[in-house]
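# Fold and geometry: a report
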Amino acid sequence: MDVDKVRNDFPLYTSASKDFIYLDSACQTLRPIPVIEAMSRYYLEYPACGGRSVHRLATQVSIEVDEAREKVASFLGAERPEEIAFTKSCTEALNLVAKGLRYRRDEVVVTTDFEHNSNHVPWLQMQKSYGIKRRFVLTPPSGLFDIEAFKNAMSREVRMVSMVHINNINGTGIPAKEVIEIAHDYGSLVMLDGAQAAPHQKVDVDHLDVDFYAFSAHKMLGPSGMGALFGKMELLKTLEPLISGGGGVSLTTHDRADFLPPPERFEAGLQNYAGIIGTGVAVDYLGRLGMQEIMEHDLDLNKRATSRLQAIPNVSILEPSEAKHRGSILSFNIKGMSSHDAAMILDEIGKVMIRSGMHCVHPYFVARHLDGCARASFYIYNNENDIDRFADAVSEVASKFSM
Ligand SMILES: Cc1ncc(COP(=O)(O)O)c(C=O)c1O
(Lines give C-alpha, C1' and ligand atoms only; values in the text may rest on other atoms or scores of the structure.)
Protein backbone atom coordinates (compact mmCIF):
# COMPACT_ATOMS: atom_id res chain seq x y z
CA MET A 1 0.00 0.00 0.00
CA ASP A 2 1.39 3.40 -0.96
CA VAL A 3 0.31 5.20 2.21
CA ASP A 4 1.82 8.55 1.17
CA LYS A 5 -0.29 8.50 -1.97
CA VAL A 6 -3.38 7.45 -0.02
CA ARG A 7 -2.81 10.27 2.50
CA ASN A 8 -2.92 12.86 -0.26
CA ASP A 9 -6.61 12.02 -0.60
CA PHE A 10 -7.39 12.73 3.07
CA PRO A 11 -7.64 16.44 3.92
CA LEU A 12 -6.56 16.01 7.55
CA TYR A 13 -3.22 14.59 6.42
CA THR A 14 -2.52 17.46 4.03
CA SER A 15 -3.66 20.20 6.42
CA ALA A 16 -1.40 22.34 8.57
CA SER A 17 -2.45 20.40 11.69
CA LYS A 18 -1.45 17.02 10.31
CA ASP A 19 0.66 16.07 13.32
CA PHE A 20 -1.71 13.47 14.79
CA ILE A 21 -2.02 9.69 14.93
CA TYR A 22 -5.55 8.55 14.12
CA LEU A 23 -6.14 5.00 15.34
CA ASP A 24 -9.91 5.05 15.79
CA SER A 25 -11.06 3.84 12.38
CA ALA A 26 -13.14 1.02 13.88
CA CYS A 27 -15.38 3.82 15.18
CA GLN A 28 -15.29 6.03 12.09
CA THR A 29 -12.75 6.28 9.32
CA LEU A 30 -11.51 9.52 7.83
CA ARG A 31 -13.04 10.41 4.45
CA PRO A 32 -11.17 10.83 1.18
CA ILE A 33 -11.64 13.84 -1.09
CA PRO A 34 -13.60 11.93 -3.80
CA VAL A 35 -16.30 11.06 -1.21
CA ILE A 36 -16.44 14.62 0.15
CA GLU A 37 -16.53 16.10 -3.35
CA ALA A 38 -19.29 13.76 -4.54
CA MET A 39 -21.40 14.77 -1.54
CA SER A 40 -20.70 18.48 -2.10
CA ARG A 41 -21.59 18.10 -5.76
CA TYR A 42 -25.00 16.83 -4.76
CA TYR A 43 -25.64 19.90 -2.59
CA LEU A 44 -24.09 22.35 -5.06
CA GLU A 45 -25.37 21.03 -8.38
CA TYR A 46 -28.50 18.90 -7.99
CA PRO A 47 -29.90 19.17 -4.44
CA ALA A 48 -33.28 17.63 -5.26
CA CYS A 49 -35.15 14.51 -4.16
CA GLY A 50 -34.91 11.18 -5.93
CA GLY A 51 -37.67 8.79 -6.93
CA ARG A 52 -40.49 11.36 -6.69
CA SER A 53 -40.30 14.52 -8.79
CA VAL A 54 -39.72 14.09 -12.51
CA HIS A 55 -37.76 17.25 -13.33
CA ARG A 56 -34.14 17.12 -14.49
CA LEU A 57 -32.49 17.64 -11.10
CA ALA A 58 -34.60 14.92 -9.50
CA THR A 59 -33.88 12.60 -12.42
CA GLN A 60 -30.17 13.08 -11.88
CA VAL A 61 -30.57 12.20 -8.18
CA SER A 62 -32.49 9.04 -9.07
CA ILE A 63 -29.79 7.99 -11.54
CA GLU A 64 -26.98 8.62 -9.02
CA VAL A 65 -28.85 6.68 -6.31
CA ASP A 66 -29.33 3.75 -8.69
CA GLU A 67 -25.64 3.84 -9.55
CA ALA A 68 -24.65 3.89 -5.87
CA ARG A 69 -26.86 0.86 -5.25
CA GLU A 70 -25.20 -0.96 -8.14
CA LYS A 71 -21.74 -0.14 -6.77
CA VAL A 72 -22.60 -1.39 -3.27
CA ALA A 73 -24.18 -4.57 -4.69
CA SER A 74 -21.10 -5.28 -6.76
CA PHE A 75 -18.77 -4.49 -3.81
CA LEU A 76 -20.62 -7.09 -1.69
CA GLY A 77 -21.01 -9.67 -4.44
CA ALA A 78 -24.82 -9.36 -4.42
CA GLU A 79 -26.50 -10.62 -7.57
CA ARG A 80 -29.04 -7.81 -7.83
CA PRO A 81 -28.85 -4.13 -6.81
CA GLU A 82 -32.43 -4.40 -5.50
CA GLU A 83 -31.08 -6.66 -2.77
CA ILE A 84 -29.40 -3.61 -1.19
CA ALA A 85 -31.50 -1.31 1.02
CA PHE A 86 -29.87 1.90 2.21
CA THR A 87 -30.24 2.66 5.92
CA LYS A 88 -28.92 5.31 8.24
CA SER A 89 -26.57 2.89 10.01
CA CYS A 90 -25.64 -0.72 10.53
CA THR A 91 -27.86 -0.50 13.63
CA GLU A 92 -30.91 0.34 11.54
CA ALA A 93 -30.14 -2.50 9.11
CA LEU A 94 -29.89 -5.00 11.99
CA ASN A 95 -33.12 -3.70 13.54
CA LEU A 96 -34.88 -3.94 10.21
CA VAL A 97 -34.32 -7.69 10.14
CA ALA A 98 -34.74 -8.31 13.87
CA LYS A 99 -38.07 -6.51 13.95
CA GLY A 100 -39.26 -7.15 10.41
CA LEU A 101 -39.60 -10.94 10.50
CA ARG A 102 -42.64 -12.38 12.20
CA TYR A 103 -41.50 -14.54 15.12
CA ARG A 104 -43.41 -17.19 16.95
CA ARG A 105 -43.11 -17.75 20.68
CA ASP A 106 -40.15 -19.99 21.66
CA GLU A 107 -38.36 -19.62 18.34
CA VAL A 108 -34.64 -19.29 19.09
CA VAL A 109 -32.10 -16.68 18.05
CA VAL A 110 -28.42 -17.62 18.40
CA THR A 111 -25.75 -14.94 18.76
CA THR A 112 -22.23 -14.81 20.18
CA ASP A 113 -21.51 -13.25 23.58
CA PHE A 114 -19.51 -10.64 21.66
CA GLU A 115 -22.37 -8.78 19.97
CA HIS A 116 -22.48 -5.02 19.65
CA ASN A 117 -25.58 -3.63 21.38
CA SER A 118 -26.99 -3.12 17.89
CA ASN A 119 -27.21 -6.89 17.44
CA HIS A 120 -28.18 -7.54 21.04
CA VAL A 121 -30.77 -5.00 22.20
CA PRO A 122 -33.18 -5.58 19.25
CA TRP A 123 -33.25 -9.28 20.12
CA LEU A 124 -33.85 -8.47 23.79
CA GLN A 125 -36.83 -6.40 22.66
CA MET A 126 -38.09 -9.31 20.53
CA GLN A 127 -37.71 -11.59 23.54
CA LYS A 128 -39.90 -9.24 25.56
CA SER A 129 -42.51 -8.62 22.85
CA TYR A 130 -42.77 -12.03 21.15
CA GLY A 131 -41.33 -14.51 23.63
CA ILE A 132 -38.44 -15.60 21.42
CA LYS A 133 -35.59 -17.39 23.18
CA ARG A 134 -31.91 -16.45 23.12
CA ARG A 135 -28.85 -18.72 23.02
CA PHE A 136 -25.32 -17.37 23.26
CA VAL A 137 -22.15 -18.97 21.91
CA LEU A 138 -19.66 -18.21 24.68
CA THR A 139 -16.14 -17.13 23.80
CA PRO A 140 -13.43 -19.17 25.56
CA PRO A 141 -10.38 -17.51 27.19
CA SER A 142 -8.46 -17.92 23.91
CA GLY A 143 -10.70 -15.15 22.53
CA LEU A 144 -11.43 -17.26 19.43
CA PHE A 145 -14.84 -18.37 18.18
CA ASP A 146 -15.78 -21.82 19.51
CA ILE A 147 -17.32 -23.75 16.62
CA GLU A 148 -18.18 -26.74 18.84
CA ALA A 149 -20.11 -24.47 21.21
CA PHE A 150 -21.94 -23.11 18.19
CA LYS A 151 -22.87 -26.60 16.99
CA ASN A 152 -24.15 -27.38 20.49
CA ALA A 153 -26.32 -24.25 20.43
CA MET A 154 -28.05 -25.34 17.22
CA SER A 155 -31.35 -27.22 17.04
CA ARG A 156 -34.46 -27.24 14.88
CA GLU A 157 -36.01 -24.46 17.03
CA VAL A 158 -33.38 -21.97 15.85
CA ARG A 159 -34.98 -19.49 13.48
CA MET A 160 -32.09 -17.06 13.21
CA VAL A 161 -28.33 -17.09 13.72
CA SER A 162 -27.39 -13.42 13.99
CA MET A 163 -23.68 -12.92 14.53
CA VAL A 164 -20.95 -10.39 14.32
CA HIS A 165 -18.70 -11.29 11.35
CA ILE A 166 -15.68 -9.61 12.96
CA ASN A 167 -16.16 -8.15 16.40
CA ASN A 168 -15.12 -4.67 17.48
CA ILE A 169 -13.49 -5.73 20.76
CA ASN A 170 -10.66 -8.12 19.97
CA GLY A 171 -11.05 -8.17 16.18
CA THR A 172 -11.62 -11.91 15.89
CA GLY A 173 -14.12 -13.30 13.43
CA ILE A 174 -16.36 -16.28 12.93
CA PRO A 175 -15.79 -18.89 10.19
CA ALA A 176 -18.74 -17.43 8.31
CA LYS A 177 -19.06 -19.99 5.53
CA GLU A 178 -19.04 -22.92 7.96
CA VAL A 179 -21.45 -21.21 10.38
CA ILE A 180 -23.87 -20.45 7.55
CA GLU A 181 -23.77 -24.02 6.23
CA ILE A 182 -24.44 -25.47 9.66
CA ALA A 183 -27.24 -22.99 10.37
CA HIS A 184 -28.90 -23.69 7.03
CA ASP A 185 -28.73 -27.43 7.72
CA TYR A 186 -30.92 -26.73 10.75
CA GLY A 187 -33.30 -24.63 8.65
CA SER A 188 -32.18 -21.38 10.30
CA LEU A 189 -31.65 -18.03 8.63
CA VAL A 190 -28.34 -16.23 9.07
CA MET A 191 -27.65 -12.53 9.45
CA LEU A 192 -24.12 -11.19 9.77
CA ASP A 193 -23.16 -7.88 11.32
CA GLY A 194 -20.44 -6.80 8.90
CA ALA A 195 -19.68 -3.38 10.42
CA GLN A 196 -16.05 -4.38 11.14
CA ALA A 197 -15.58 -6.92 8.34
CA ALA A 198 -16.76 -5.12 5.19
CA PRO A 199 -14.18 -2.30 5.54
CA HIS A 200 -11.24 -4.70 5.83
CA GLN A 201 -11.79 -7.82 3.76
CA LYS A 202 -13.50 -9.02 0.62
CA VAL A 203 -17.08 -9.96 1.47
CA ASP A 204 -18.97 -12.02 -1.08
CA VAL A 205 -22.56 -12.52 0.07
CA ASP A 206 -23.33 -14.78 -2.86
CA HIS A 207 -20.42 -17.10 -2.11
CA LEU A 208 -21.19 -17.05 1.62
CA ASP A 209 -24.86 -17.76 0.89
CA VAL A 210 -25.71 -15.47 3.81
CA ASP A 211 -29.36 -14.40 4.11
CA PHE A 212 -28.81 -10.88 5.47
CA TYR A 213 -25.67 -8.76 5.74
CA ALA A 214 -25.58 -5.39 7.52
CA PHE A 215 -22.80 -2.80 7.52
CA SER A 216 -22.00 0.89 8.15
CA ALA A 217 -20.63 3.28 5.54
CA HIS A 218 -18.82 5.50 8.04
CA LYS A 219 -16.40 2.72 8.99
CA MET A 220 -15.31 2.35 5.36
CA LEU A 221 -14.61 5.89 4.12
CA GLY A 222 -18.29 6.72 3.62
CA PRO A 223 -20.46 9.44 5.13
CA SER A 224 -21.69 9.49 8.73
CA GLY A 225 -25.26 8.37 9.16
CA MET A 226 -25.20 5.81 6.36
CA GLY A 227 -25.39 2.04 6.32
CA ALA A 228 -26.93 -0.68 4.22
CA LEU A 229 -28.60 -4.05 4.38
CA PHE A 230 -28.15 -6.86 1.89
CA GLY A 231 -30.93 -9.44 1.90
CA LYS A 232 -31.83 -12.29 -0.43
CA MET A 233 -34.72 -11.00 -2.53
CA GLU A 234 -37.21 -13.70 -1.55
CA LEU A 235 -36.54 -12.91 2.14
CA LEU A 236 -36.65 -9.14 1.73
CA LYS A 237 -40.11 -9.59 0.27
CA THR A 238 -41.27 -11.15 3.56
CA LEU A 239 -39.79 -8.42 5.76
CA GLU A 240 -42.04 -5.75 7.30
CA PRO A 241 -40.59 -2.25 6.87
CA LEU A 242 -39.23 -0.73 10.07
CA ILE A 243 -40.17 2.77 8.92
CA SER A 244 -43.18 3.22 6.67
CA GLY A 245 -44.59 6.17 4.78
CA GLY A 246 -44.00 8.28 1.68
CA GLY A 247 -41.75 6.76 -0.95
CA GLY A 248 -42.22 3.21 0.39
CA VAL A 249 -45.66 2.58 -1.06
CA SER A 250 -47.19 2.42 -4.53
CA LEU A 251 -50.72 3.43 -3.52
CA THR A 252 -52.66 3.98 -0.34
CA THR A 253 -56.35 4.45 0.41
CA HIS A 254 -57.89 5.38 3.75
CA ASP A 255 -57.78 1.77 4.85
CA ARG A 256 -54.97 0.19 2.90
CA ALA A 257 -51.30 0.58 1.84
CA ASP A 258 -49.63 -1.27 -1.03
CA PHE A 259 -45.91 -1.46 -0.38
CA LEU A 260 -43.41 -1.08 -3.19
CA PRO A 261 -41.11 -4.03 -3.87
CA PRO A 262 -37.73 -4.15 -2.07
CA PRO A 263 -35.67 -2.09 -1.62
CA GLU A 264 -37.95 0.98 -1.92
CA ARG A 265 -40.39 -0.31 0.71
CA PHE A 266 -37.58 -0.01 3.29
CA GLU A 267 -36.60 3.51 2.25
CA ALA A 268 -39.66 5.55 3.22
CA GLY A 269 -39.23 9.28 3.80
CA LEU A 270 -36.84 11.61 2.06
CA GLN A 271 -33.48 9.89 1.88
CA ASN A 272 -29.93 11.01 2.62
CA TYR A 273 -29.11 11.35 -1.08
CA ALA A 274 -25.67 12.89 -0.55
CA GLY A 275 -24.93 10.05 1.88
CA ILE A 276 -26.06 7.37 -0.56
CA ILE A 277 -24.00 8.89 -3.37
CA GLY A 278 -20.98 9.24 -1.06
CA THR A 279 -21.34 5.59 -0.03
CA GLY A 280 -21.13 4.52 -3.67
CA VAL A 281 -17.95 6.56 -4.16
CA ALA A 282 -16.46 5.12 -0.94
CA VAL A 283 -16.87 1.50 -2.01
CA ASP A 284 -15.45 2.38 -5.42
CA TYR A 285 -12.41 3.88 -3.71
CA LEU A 286 -11.91 0.74 -1.61
CA GLY A 287 -12.38 -1.47 -4.66
CA ARG A 288 -9.66 0.44 -6.51
CA LEU A 289 -7.22 -0.02 -3.61
CA GLY A 290 -8.10 -3.72 -3.42
CA MET A 291 -9.59 -5.45 -0.39
CA GLN A 292 -6.81 -8.06 -0.26
CA GLU A 293 -4.19 -5.33 -0.16
CA ILE A 294 -6.12 -3.45 2.53
CA MET A 295 -6.37 -6.60 4.65
CA GLU A 296 -2.64 -7.30 4.36
CA HIS A 297 -1.73 -3.68 5.13
CA ASP A 298 -3.89 -3.58 8.28
CA LEU A 299 -2.47 -6.86 9.48
CA ASP A 300 1.16 -5.80 8.92
CA LEU A 301 0.55 -2.72 11.06
CA ASN A 302 -1.18 -4.80 13.71
CA LYS A 303 1.75 -7.25 13.85
CA ARG A 304 4.19 -4.39 14.36
CA ALA A 305 2.00 -2.76 17.03
CA THR A 306 1.45 -6.09 18.79
CA SER A 307 5.13 -6.91 19.06
CA ARG A 308 5.90 -3.39 20.33
CA LEU A 309 3.15 -3.49 22.99
CA GLN A 310 4.04 -7.02 24.09
CA ALA A 311 7.45 -5.70 25.14
CA ILE A 312 6.03 -2.96 27.39
CA PRO A 313 5.76 -3.84 31.12
CA ASN A 314 2.26 -3.60 32.64
CA VAL A 315 0.52 -3.60 29.26
CA SER A 316 -1.72 -6.58 28.49
CA ILE A 317 -3.27 -7.29 25.10
CA LEU A 318 -6.77 -8.77 24.97
CA GLU A 319 -6.58 -12.36 23.75
CA PRO A 320 -5.80 -13.69 21.25
CA SER A 321 -2.23 -12.48 21.52
CA GLU A 322 -1.30 -13.22 17.90
CA ALA A 323 -2.14 -10.34 15.56
CA LYS A 324 -3.04 -12.71 12.74
CA HIS A 325 -6.37 -13.43 14.48
CA ARG A 326 -7.20 -9.78 15.07
CA GLY A 327 -7.02 -8.13 11.63
CA SER A 328 -7.03 -4.39 12.19
CA ILE A 329 -7.80 -4.28 15.91
CA LEU A 330 -5.53 -4.23 18.95
CA SER A 331 -7.20 -3.88 22.34
CA PHE A 332 -5.21 -3.56 25.51
CA ASN A 333 -5.17 -2.41 29.11
CA ILE A 334 -2.53 -0.72 31.20
CA LYS A 335 -2.33 -2.16 34.70
CA GLY A 336 -4.04 0.02 37.29
CA MET A 337 -5.42 2.52 34.77
CA SER A 338 -8.89 2.98 33.39
CA SER A 339 -9.01 2.75 29.61
CA HIS A 340 -10.53 6.25 29.41
CA ASP A 341 -7.62 7.73 31.37
CA ALA A 342 -5.16 5.89 29.14
CA ALA A 343 -6.88 7.18 25.99
CA MET A 344 -7.03 10.77 27.23
CA ILE A 345 -3.37 10.82 28.24
CA LEU A 346 -2.28 9.21 24.94
CA ASP A 347 -4.01 12.04 23.13
CA GLU A 348 -2.58 14.63 25.49
CA ILE A 349 1.06 13.55 25.31
CA GLY A 350 1.28 12.09 21.80
CA LYS A 351 -1.79 13.26 19.84
CA VAL A 352 -2.62 9.56 19.57
CA MET A 353 -6.35 9.01 19.13
CA ILE A 354 -7.78 5.67 20.17
CA ARG A 355 -11.11 4.46 21.60
CA SER A 356 -11.76 3.39 25.19
CA GLY A 357 -14.54 1.93 27.32
CA MET A 358 -16.91 -0.94 26.62
CA HIS A 359 -17.35 -0.16 22.92
CA CYS A 360 -21.14 -0.84 23.04
CA VAL A 361 -20.46 -4.50 23.85
CA HIS A 362 -21.46 -4.23 27.51
CA PRO A 363 -22.54 -7.87 28.13
CA TYR A 364 -19.08 -9.13 27.19
CA PHE A 365 -17.35 -6.92 29.76
CA VAL A 366 -20.02 -7.21 32.45
CA ALA A 367 -19.82 -11.03 32.31
CA ARG A 368 -16.05 -10.83 32.80
CA HIS A 369 -16.18 -8.14 35.54
CA LEU A 370 -14.10 -5.80 33.38
CA ASP A 371 -14.74 -2.11 32.91
CA GLY A 372 -13.52 -1.93 29.34
CA CYS A 373 -10.36 -1.73 27.28
CA ALA A 374 -8.38 0.66 25.15
CA ARG A 375 -8.62 -0.07 21.44
CA ALA A 376 -6.35 0.95 18.59
CA SER A 377 -7.59 0.25 15.08
CA PHE A 378 -5.63 0.57 11.87
CA TYR A 379 -6.56 1.50 8.32
CA ILE A 380 -5.29 2.42 4.89
CA TYR A 381 -3.83 5.82 5.85
CA ASN A 382 -1.81 4.55 8.82
CA ASN A 383 1.88 3.83 8.46
CA GLU A 384 4.72 2.35 10.49
CA ASN A 385 5.60 5.72 11.94
CA ASP A 386 2.06 5.92 13.40
CA ILE A 387 2.58 2.55 15.04
CA ASP A 388 5.92 3.53 16.52
CA ARG A 389 4.59 6.81 17.89
CA PHE A 390 1.59 4.97 19.32
CA ALA A 391 3.82 2.36 20.99
CA ASP A 392 6.23 5.01 22.32
CA ALA A 393 3.29 6.91 23.82
CA VAL A 394 1.83 3.75 25.41
CA SER A 395 5.24 2.98 26.86
CA GLU A 396 5.50 6.46 28.36
CA VAL A 397 1.99 6.29 29.84
CA ALA A 398 2.60 2.83 31.29
CA SER A 399 5.92 3.81 32.85
CA LYS A 400 4.52 6.99 34.41
CA PHE A 401 0.98 6.07 35.41
CA SER A 402 0.68 2.30 35.76
CA MET A 403 0.14 1.15 39.34
C1 LIG B 1 -19.54 -4.71 15.25
C2 LIG B 1 -20.41 -3.50 15.16
N3 LIG B 1 -21.71 -3.65 14.90
C4 LIG B 1 -22.54 -2.59 14.80
C5 LIG B 1 -22.08 -1.32 14.97
C6 LIG B 1 -23.04 -0.17 14.86
O7 LIG B 1 -22.81 0.51 13.66
P8 LIG B 1 -23.59 1.86 13.32
O9 LIG B 1 -22.95 2.93 14.11
O10 LIG B 1 -23.43 2.04 11.84
O11 LIG B 1 -25.01 1.67 13.67
C12 LIG B 1 -20.73 -1.11 15.27
C13 LIG B 1 -20.21 0.24 15.51
O14 LIG B 1 -19.23 0.44 16.19
C15 LIG B 1 -19.87 -2.24 15.34
O16 LIG B 1 -18.57 -2.09 15.60
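Look up a bit, the structure's there.
Residues numbered from 1 in each chain as written. Predicted model: local features only at pLDDT ≥ 70, side-chain atom pairs only at ≥ 80, totals over all residues. Heavy atoms only, no water.

### Concerning the pairing of strand S6 (residues 189-193)
Here is the rule: Remark: exposure states derive from per-residue accessible area (1.4 Å probe, protein chains only) relative to the maximum for the residue type, with buried under 20%, exposed over 50%, and partly exposed in between. The numbering of helices and of strands both runs from the N terminus, where a helix is a DSSP run of H or I of at least 4 residues and a strand a run of E of at least 2. The pairing criterion for strands is at least two bridges between them, as found by DSSP. By convention, a crossover is right-handed whenever its connection, traced from the first strand over the helix to the second and viewed with the strands pointing away, goes clockwise.
The buried fraction of S6 is high, at five of five residues. Of the two faces of S6, the one carrying Leu-189, Met-191 and Asp-193 and the one carrying Val-190 and Leu-192 are both buried. Direction of pairing for strand S5 (residues 158-164) relative to S6: parallel, over a ladder of five bridges. Residue pairing for S6: Met-163 is matched across the bridge by Leu-192. Between the parallel pair S5 and S6, the chain is carried across by helix H8 (residues 176-185), and the sense of this crossover is right-handed.

### With respect to the state of the cysteines
Heads up, the condition is: The rule for a disulfide is simple: a pair of cysteine sulfur atoms within 2.5 Å.
This structure, assessed with the given rule, holds zero disulfides. As a non-bridged cysteine, Cys-27 has Cys-360 as the owner of its nearest cysteine sulfur, 8.6 Å distant. By relative accessible area, which is 25% here, Cys-27 ends up partly exposed.

### Details of a negative patch on the surface
For the record, the criterion: Like-charged residues are merged into a patch within 9 Å and nonpolar side chains (Val, Leu, Ile, Met, Phe, Trp, Tyr) within 5 Å, provided each residue has over 30% relative accessible area and no salt bridge. Computed with a 1.4 Å probe, the accessible areas rest on the Shrake-Rupley method; for each residue, only the protein chains presented here act as cover. Whenever Lys or Arg places a side-chain nitrogen within 4 Å of a carboxyl oxygen from Asp or Glu, that contact is recorded as a salt bridge. All tallies of charge rest on Lys and Arg as positive and Asp and Glu as negative; His and the ends of each chain are not included. Lysine's charge is taken at NZ, arginine's at CZ, aspartate's at CG and glutamate's at CD.
A contiguous patch of negative charge, built from Asp-66, Glu-67, Glu-70 and Glu-264, is present on the exposed surface. On the secondary structure map, Glu-70 appears in helix H4 (residues 56-76). Its relative accessible area of 45% is what places Glu-70 among the partly exposed residues.

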